Amino acid sequence: MLKGFLIICVSTMFLGKAETAQANEDPPKYLTTSTPTILFSVNDGEAGALVMGEGTPVQDSVSVVRLSPDAPPEIKTAYGGAHSSLLGSPHAAIVGRFGIVTNHNIRLDEQRQFVKKNGVHEGRNQIAVMDLDSMKVTDIEYLDAIPWLAHAHPDDRRVIVGLSDGWLVVSVSEEGKLTELTRSDHEHQIASFDLSPDGEHILAVVGSPSEAQWLARFSLDGDTIRVDGKTDPQEFLVEGPFSPRIYPQGDRALVLNSGGLSDGVLDDVMIVDMKKNKVIGRIPQVSDGLESIAVHPSGRFAVISCLNAMPWSTTSHIAVIDLLGQSPRLTYSLPVEPIPEGIEFSEDGSQLFLGSTLANHISVYRVDGMNLIAQPFVLGIGEGHAALGISFP
């Protein structure tokens, strides 16, 4: 009896020490991911002066962040090689080991009107290819039309570009050279868009940001993009569609009804049925200045970056949208550093990455169910984050 008592006591003593040792373990010293991950941040050096209305622009830059399961983050920033702009949908494309940077010379003046500028910081209408290994520009294609946004095709070879006069499809060679495959003219400009997971369909915002805009579905026929038809708004008011994001399952999409600008009014999120090509619902008054959407790989929920960038604002937000059921809804919001732009989930959905224009870093959140827990680490990048791309090599 005594022997058994001693065994229990000794076992309990060692178990207590083990638990204490585990409790006293040092916290993680750096950020890791379950799979190798590349974050590609496109940074507009003029953004701070544009947003705050003061300050001196610095060189545009791109930052490449490499994350892995067992090593500290590796971060490199290259300045001046590729121009970029904060104005536009904050998504960046990665094809293989190359990042794609689009730029245009449209800027906002003091009255927040769109104007053309030609100067050292504005650059030209162009598409640049950046080698993510060497951090050097391997090719630049100059355009007459404005390249508003580029998306990588799932084949990891082609890039779809929305232009002010239609569509451009290019391929990227193993040496990082661009080859134009097709140009598909359209009478109205393609302001922002998303590509379905299978690469066959596109949901696009059509029309000028300063005039009327609407949604339309397109299809990719080989290398040619053809219009399927205007998206039926039904009884819903679609007045400022921006930055569509198609669910990983490809059946639905979310569209921000904000125009990509903050004006002090709470904006709605539209829900689109991709097969029927019509708006089927809305999530009212999510926040002001809805900017970008990341849909969780499970399709269960989405997170939206919200500017809230009026002159008197002190913080911005991210909003969490529950997508389950027929009526998606806003569940909660979290305060974040001012001017959140690009937002992406990790491959397994366990982490969320959010780029901030004024904080000059990428914040990281751990995903627990639908809860987002801010991590103590941030990823420092070049000044003026404008767009974010992600890949899993």
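Our subject is the structure listed above.
Remember, predicted model here, so these are calculated numbers, not experimental data.

A.B. asks: Could you give me a rundown of the pattern of salt bridges, with the residues and numbers involved?
C.D. replies: Counted by the stated rule, this structure contains 11 salt bridges. We note a salt bridge from Arg97 to Asp133, for which the minimum N-O separation is 3.9 Å. Taken together, the positions of Arg97 in the loop between strand E4 (93-95) and strand E5 (98-103) and Asp133 in the loop between strand E8 (126-131) and strand E9 (136-142) put the pair 36 residues apart, joining distant regions of the chain. Using a relative accessible area of 36% as the deciding quantity, one classes Arg97 as partly exposed. Asp133 gets classed as partly exposed once you look at its relative accessible area, which sits at 44%.

A.B. asks: Go over the sheet that holds strand E14 (residues 190-195), please, and point to the residues and values.
C.D. replies: In spatial order, the strands read E14-E15-E16-E17; together these four strands make up an open sheet with antiparallel pairing. Two strands lie at the open edges of the sheet, namely E14 and strand E17 (224-230), each paired on one side alone. Here the average twist between neighbouring strands, direction ignored, is 30 degrees. With six bridges connecting them, strand E16 (residues 213-221) and E17 associate as antiparallel partners.

A.B. asks: Would you mind going over the environment of Glu180 in detail, with residue names and values included?
C.D. replies: Position of Glu180 among the secondary structure elements: in strand E13 (residues 178-185). Sequence separation between Glu180 and Val159 is 21 residues, and the spatial gap between their C-alpha atoms is 9.7 Å. Contact partners of Glu180, with chain neighbours within four places excluded, come to Glu141, Leu168, Val169 and Val170.

A.B. asks: Run through the side chain of Ser208, naming residues and quoting values.
C.D. replies: For Ser208, the location among the structural elements is in the loop between strand E15 (201-207) and E16. Overall, Ser208 belongs to the buried group, its relative accessible area being 15%. Beyond its immediate chain neighbours, meaning those up to four positions away, Ser208 contacts Gln189 and Gln213.

A.B. asks: I'd like a rundown of the sheet that holds strand E11 (residues 158-163), residues and numbers included.
C.D. replies: Spatial ordering of the open sheet is given by E10-E11-E12-E13, a layout of four strands whose pairing is antiparallel. Every interior strand has two partners, whereas the edge strands, strand E10 (147-152) and E13, have only one. With strand direction ignored, the average angle separating the axes of adjacent strands in the sheet is 20 degrees. Of the pairings in the sheet, the one linking E11 to strand E12 (residues 166-172) comprises six bridges and is antiparallel in character.

A.B. asks: So what's going on with the nonpolar core? Which residues, and what values?
C.D. replies: Counting 17 residues, the largest nonpolar core has Leu254, Val269 and Ile304 as its most contacted members. Those elements that place two or more of their residues in this core are strand E19 (252-257), strand E20 (267-273), strand E21 (278-287), strand E22 (290-295), strand E23 (301-306) and strand E24 (316-322). Membership of the second largest hydrophobic core comes to 16 residues, among which are Val95, Ala145, Ala150 and Val170.

A.B. asks: Give a description of the side chain of Ser61 that names residues and reports values.
C.D. replies: Mapped onto the elements, Ser61 comes out in strand E2 (residues 61-67). Taking the relative accessible area as the measure of exposure, Ser61 reaches 1% and is therefore buried. When neighbours within four sequence positions are excluded, Ser61 is seen to be in contact with Ser41, Val42, Asn43, Thr77, Ala78, Tyr79, Gly382 and Glu383.

A.B. asks: Please provide a residue-by-residue account of the packing of aromatic side chains, values included.
C.D. replies: The tally for this structure, following the rule as stated, stands at three aromatic pairs. Residues Trp167 and Phe193 carry aromatic rings whose centres are separated by 4.9 Å and whose planes lie at 80 degrees to one another, so their mutual orientation is edge-to-face. Taken together, the residues span a long stretch of sequence, with Trp167 in strand E12 and Phe193 in strand E14 at a distance of 26 residues. You'll find Trp167 and Phe193 in the same group, each marked buried. When the ring of Trp167 is compared with that of Phe218, the centres are 5.2 Å apart and the planes differ by 70 degrees; the resulting orientation is edge-to-face. Placement of Trp167 in strand E12 and of Phe218 in strand E16 is noted, with a sequence separation of 51 residues between them. Judged by relative accessible area, Phe218 falls into the buried class, the value being 1%.

So, how was this worked out
Counting of residues starts from 1 at the beginning of each chain's written sequence and follows it residue by residue. The predicted origin of the model limits local features to residues at a pLDDT of at least 70 and limits the giving and counting of side-chain atom pairs to 80 or more, whereas totals for whole chains, interfaces and linings rest on all residues. Just so you know, side-chain values use all the structure's heavy atoms and leave hydrogens and water out. We count a salt bridge whenever a side-chain nitrogen from Lys or Arg sits within 4 Å of a carboxyl oxygen from Asp or Glu. The way it works is that DSSP assigns letters per residue, a run of H or I at least four long becomes a helix, a run of E at least two long becomes a strand, and they are numbered from the N terminus. Relative accessibility under 20% of the residue-type maximum defines a buried residue, over 50% an exposed one, and the middle range a partly exposed one, all with a 1.4 Å probe and only protein chains included. At least two bridges found by DSSP between two strands are what make those strands a pair. Lines fitted to C-alpha atoms define the axes, with helix axes restricted to the stretch in contact, and inter-axis angles between N-to-C directions lie between 0 and 180 degrees. Two residues form a contact once any of their heavy atoms are found within 4.5 Å. Buried Ala, Val, Leu, Ile, Met, Phe, Trp, Tyr and Cys residues that are joined via side-chain atoms within 4.5 Å together make up what is termed a nonpolar core. We call Phe, Tyr and Trp rings a pair once their centres come within 6.5 Å, taking the six-membered ring for Trp, and we label the pair stacked below 30 degrees between planes, edge-to-face above 60, and tilted otherwise.

By themselves, these observations are geometric and do not establish any function.
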